[in-house]
Amino acid sequence: LAKTTQPISMDSYEGQEVNITCSHNNIATNDYITWYQQFPSQGPRFIIQGYKTKVTNEVASLFIPADRKSSTLSLPRVSLSDTAVYYCLVGDMRSSGSARQLTFGSGTQLTVLP
Amino acid sequence: EAGVAQSPRYKIIEKRQSVAFWCNPISGHATLYWYQQILGQGPKLLIQFQNNGVVDDSQLPKDRFSAERLKGVDSTLKIQPAKLEDSAVYLCASSLTAPNTEAFFGQGTRLTVV
């Protein structure tokens, strides 16, 4: 499994764009990059997933360079409610459920300040 | 659609006692995961089921932890006997088997061993 490295914590202010970068130098050809968000006292929640280039949904964008050795989660105009831990996961999501693995690292604690 | 249900929400036991957690996944989700999350850390996979078969239990402390998935639906995780270091949140998640599908997490059971 590809190991991921993220900053331990980040601070931002309301209304700013936040970019959280994840390093995954030994990512495999079949691996996808997935980001989860976790609020205190809740289970993680899926945010976005991608394989290469750029993916955008209603809450975030995911930028993946050509070498795929890193990825950046971009949260536009954060609010106080975006304060949470963000996890970057790397794994083969194209396999069937029996072979798919969800391995979490330590995550990044994002604190949004007023 | 109903989410992943877990019970109890909280549990306090003395060391050397036994405890069991229950999980009801989202209907139709063949893959089920149990995670242990110690305060300040990311979730750690304990066991993964595909229907009622075990896919991965490499990180399950089998001398004291056991899990089963009845008829490929509900699952129980048991600890017997509990140790102080088992204090954590136990998260259950489920997903479809199709590629590129996300995992949905329950709110977890917070276990305190005293």
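Structure report, in brief. Bear in mind the structure is a predicted one, so any value in this text is a computation, not a measurement.

**Some thoughts on the nonpolar core**
With 21 residues, the main nonpolar core has B:F21, B:W34, B:L77, B:I79, B:Y90 and B:L111 as its most contacted residues. Residue assignment for this core shows that the elements contributing at least two residues are strand 3 (19-24), strand 4 (31-37), strand 5 (44-50), strand 8 (75-79), strand 9 (88-95) and strand 11 (109-113) of chain B. Once residues within four sequence positions are removed from consideration, B:F21 is found in contact with B:S7, B:P8, B:W34, B:S75, B:T76, B:L77, B:I79, B:Y90, B:T109 and B:L111. Counting residues in hydrophobic clusters, the runner-up holds 20 residues, among them A:I33, A:L73, A:C88 and A:L110.

**Quick look at the packing of aromatic side chains**
Residue and element names in this part refer to chain B. Using the criterion set out here, one finds eleven aromatic pairs over all chains in the structure. With a centroid separation of 5.0 Å and 25° between ring planes, the pair formed by F21 and Y90 is classed as stacked. Note that F21 is positioned in strand 3 and Y90 in strand 9, a separation of 69 residues in sequence. The exposure class of F21 is buried, given its relative accessible area of 1%. In this structure Y90 comes out as buried when scored by relative accessible area, which is 0%.

**With respect to the side chain of B:S75**
All names here are of chain B. The topology assignment puts S75 in strand 8. Classification of S75 as buried rests on a relative accessible area of 1%. Only 2.8 Å separates the side chain of S75 from the side chain of W34, close enough to count as a polar contact.

**What about the sheet that holds strand 3 of chain B?**
All names here are of chain B. Reading across the sheet, the four strands line up as 1-3-8-7 and stay open at both edges, with antiparallel pairing between neighbours. Two strands bound the open sheet, and with one partner strand each, they are strand 1 (5-7) and strand 7 (65-69). Averaged over all pairs of adjacent strands, the angle between strand axes in this sheet comes to 15°, irrespective of strand direction. Both strand 3 and strand 8 contribute to a ladder of five bridges, which runs antiparallel. In the strand pairing of strand 8, V19 is matched with I79.

**Observations regarding the pairing of strand 4 of chain B**
Residues and elements named next belong to chain B. Taking burial as the measure, the seven residues of strand 4 include seven buried ones, the bulk of the element. Burial of the side chains of strand 4 extends over both faces: T31, Y33, Y35 and Q37 are buried on one face and L32, W34 and Q36 on the other. Bridge count for strand 4 against strand 5 is six bridges, and the pairing is antiparallel. Each residue of the ladder has a partner; that of Y35, found in strand 5, is L45. As judged from the seven bridges shared by strand 4 and strand 9, these two strands associate in the antiparallel manner. When the bridges of strand 9 are listed, W34 appears paired with C92.

**What about the state of the cysteines?**
Under the criterion given, the structure shown has two disulfides over all chains. Bridging A:C22 to A:C88, the disulfide has an S-S length of 2.2 Å. With the S-S bond torsion at -80°, the cross-link from A:C22 to A:C88 turns out left-handed. Residue A:C22 is located in strand 2 (residues 18-23), and its partner A:C88 is located in strand 8 (residues 84-91); the two are separated by 66 residues in the primary sequence. Each member of the pair, A:C22 together with A:C88, is buried. A disulfide bridge connects B:C23 with B:C92, and the sulfur atoms are separated by 1.9 Å. Disulfide B:C23 to B:C92: torsion about the S-S bond roughly -65°, handedness left-handed.

What counts as what
- Residues numbered from 1 in each chain as written.
- Chains lettered and ligands numbered in written order.
- Predicted model: local features only at pLDDT ≥ 70, side-chain atom pairs only at ≥ 80, totals over all residues.
- Heavy atoms only, no water.
- Core = buried A, V, L, I, M, F, W, Y, C linked by side-chain atoms within 4.5 Å.
- Buried < 20%, exposed > 50% of the residue type's maximum accessible area, 1.4 Å probe, protein only.
- Helix = DSSP H or I, 4+ residues; strand = E, 2+ residues; numbered from the N terminus.
- Contact = heavy atoms within 4.5 Å.
- Phe/Tyr/Trp six-rings, centres within 6.5 Å; stacked < 30°, edge-to-face > 60°.
- Polar contact = N/O pair within 3.5 Å; in protein donor to acceptor, adjacent residues only side chain to side chain.
- Pairing = 2+ DSSP bridges.
- Axes fitted to C-alpha atoms, helices over the stretch in contact; angles between N-to-C directions.
- Disulfide = S-S within 2.5 Å.

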